Amino acid sequence: MKIAILAPIAWRTPPESYGPWEQVASTLTEALVSRGHEVCLFASGNSITSAKLDAVCALPYETDKTSDPKVLECLHISNLMEKAGNFDIIHNHFDFLPLTYSRLISTPIITTIHGFSSPKIIPVYKKYNATAAYISISNANRHEELTYLDTIYHGVNPSHFTFQSIKENYLLYFGRIHPEKGLDKAIAIAKKANLPLKIAGLIQDQDYFNSKIKPNIDGNFIQYLGNLGKNERDLILGSAKALLHPISFEEPFGLSVLEAMMCGTPVIAFCRGSMPELIADGVSGFLVHTIQEAVDAVKKLELLSPIQCRWHAETNFNMENMISSYEEAYKNVLLNFQN
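On a predicted model such as this, the values are computed, not experimentally measured, just so you know.

Turning our attention to a nonpolar patch on the surface. Nonpolar side chains collect at one region of the surface, where Val56, Val71 and Leu75 lie side by side and expose about 230 Å² of accessible area between them. As for its placement among the helices and strands, Val71 is situated in helix α2 (residues 69–81). Its relative accessible area of 44% is what places Val71 among the partly exposed residues.

Structure representation (structure tokens):
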């Protein structure tokens, strides 16, 4: 098949550190190329891929702060849509905006909905519901007013994550630093459990960081390591006793949860959103509801096996399974489109 992958342009594809949507687009692109498909990746100009790269901006807008994100987004999406006839199918990882072109071109579009940033974007998805093909990334992230072709969980390449059976004496928070992700709760859990906490992630809410997080950072018991790259991520995920994920919103997926389990590291997460779909409670981590339950779960970490964590991740979130599911989805869309 001739496939166009439309990635976001906030960050490089694949991202150097943060950028979950870009990471999924990259994983999918590289695997499709390896399976013999003719793939063109529409992404920022500094992206790295074995597919053909088509870019209208040299750098992502989060890297080039002199750029106007809306202008780059318009140029980026329209660039693909004007070339739509060159492809059998377009795979959209760019949220709702590309859907507004879908009735103006003859090439079918399949859209992976990575999450709903606001209820205000739902009307766009509803408008194209009858003619679009939507993929949810978890059953928990489905909207009741939309129709979905399938739920396809994210997969990662196991070879990119080093399994570590011997853990160091620290807990880990790994993710964007925003109130809904619960870093303040992770700090409270670590303090109550009397275990050091290492923090890694992109600061998305500076006021929250300054008021709720920074006063707790002492460089020893509570450490902030910055927004880490892939190699550093692999080491710190694999060495931790557990990843803390005390979210206060309905998490659509959570790549860091999968990546931790792939390294053999269990996850202690608040039981919201997709967490029950990702974590096998008592096998690859613990699902909890309160800070105290999380502290109690820390005391039970010795009951979990790093090998079982890795096995759970490889079995349920294998990259090859993800690619096969998307290939089947493409075939279904093309068949329905032709009919």
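Once that is clear, we can look at the packing of aromatic side chains. Counted according to the given criterion, the structure contains 10 aromatic pairs. Both rings, one in Phe42 and one in Phe87, keep their centres 5.9 Å apart while their planes meet at 80°; by these two values the pair is edge-to-face. Here Phe87 lies in the loop between α2 and β4 (89–92) and Phe42 lies in strand β2 (residues 38–42), a separation of 45 residues in the sequence. Residue Phe42 shares its accessibility class with Phe87, and that shared class is buried. Across the ring face of Phe286, the terminal group of Lys300 is positioned such that the distance to the ring centre comes to 4.9 Å.

Below, the discussion takes up the pattern of salt bridges. Summed over all chains, the structure comprises 12 salt bridges. Salt-bridge contacts for Arg35 lead to Glu320; the nearest nitrogen and oxygen are separated by 2.7 Å. You can see Arg35 sitting in the loop between α1 (20–34) and β2 and its partner Glu320 sitting in helix α11 (residues 319–338), a full 285 residues away along the chain. Accessibility expressed as a relative area gives 38% for Glu320, which makes it partly exposed. Residues Lys83 and Asp54 are paired through a salt bridge, measuring 2.6 Å at the closest nitrogen-oxygen approach. Of this pair, Lys83 sits in the loop between α2 and β4 while Asp54 sits in strand β3 (residues 52–54), placing them 29 residues apart in sequence. According to the relative accessible area criterion, Asp54 is buried, its value standing at 12%.

Here we take up the state of the cysteines. The full count for this structure, using the stated rule, is zero disulfides. Just so you know, Cys40 is unpaired, no disulfide at all, and the nearest cysteine sulfur is the one on Cys57, 14 Å from it.

What follows is about the environment of Ile3. With respect to the secondary-structure elements, Ile3 resides in strand β1 (residues 2–6). For the pair formed by Ile3 and Arg142, sequence separation is 139 residues and the distance between their alpha carbons is 25 Å.

Among the residues making up helix α9 (residues 291–298), those that are buried are Ala294, Val295, Ala297 and Val298. Angularly, the buried residues of α9 cover 160° about the axis, an arc narrow enough to put them on a single face. Buried residues along α9 sit in contact with β8 (171–174), α4 (183–193), β12 (267–270) and β13 (285–288).

What follows concerns unusual backbone geometry. Put simply, Thr13 and Pro14 share a cis peptide bond, and its omega is -5°. Positionally, Pro14 belongs in the loop between β1 and α1. Despite not being glycine, Asp95 has its phi angle at roughly 70°, a positive value. For Asp95, the position within the fold is in the loop between β4 and β5 (109–113). Judged by its relative accessible area of 14%, Asp95 falls in the buried class. Although it is not a glycine, Asn194 adopts a positive phi angle of roughly 60°. Among the secondary structure elements, Asn194 is positioned in the loop between α4 and β9 (197–200).

Reading guide: rules and limits
Residues numbered from 1 in each chain as written. Predicted model: local features only at pLDDT ≥ 70, side-chain atom pairs only at ≥ 80, totals over all residues. Heavy atoms only, no water. Patch = residues over 30% accessible without salt bridge, like charges linked within 9 Å, V, L, I, M, F, W, Y side chains within 5 Å. Areas by Shrake-Rupley, 256 points an atom, 1.4 Å probe, with all protein chains shown as cover. Salt bridge = Lys/Arg side-chain N within 4 Å of Asp/Glu carboxyl O. Helix = DSSP H or I, 4+ residues; strand = E, 2+ residues; numbered from the N terminus. Buried < 20%, exposed > 50% of the residue type's maximum accessible area, 1.4 Å probe, protein only. Phe/Tyr/Trp six-rings, centres within 6.5 Å; stacked < 30°, edge-to-face > 60°. Lys NZ or Arg CZ within 6 Å of the ring centre and 35° of its normal. Disulfide = S-S within 2.5 Å. Arc of directions from axis to C-beta. Contact = heavy atoms within 4.5 Å.

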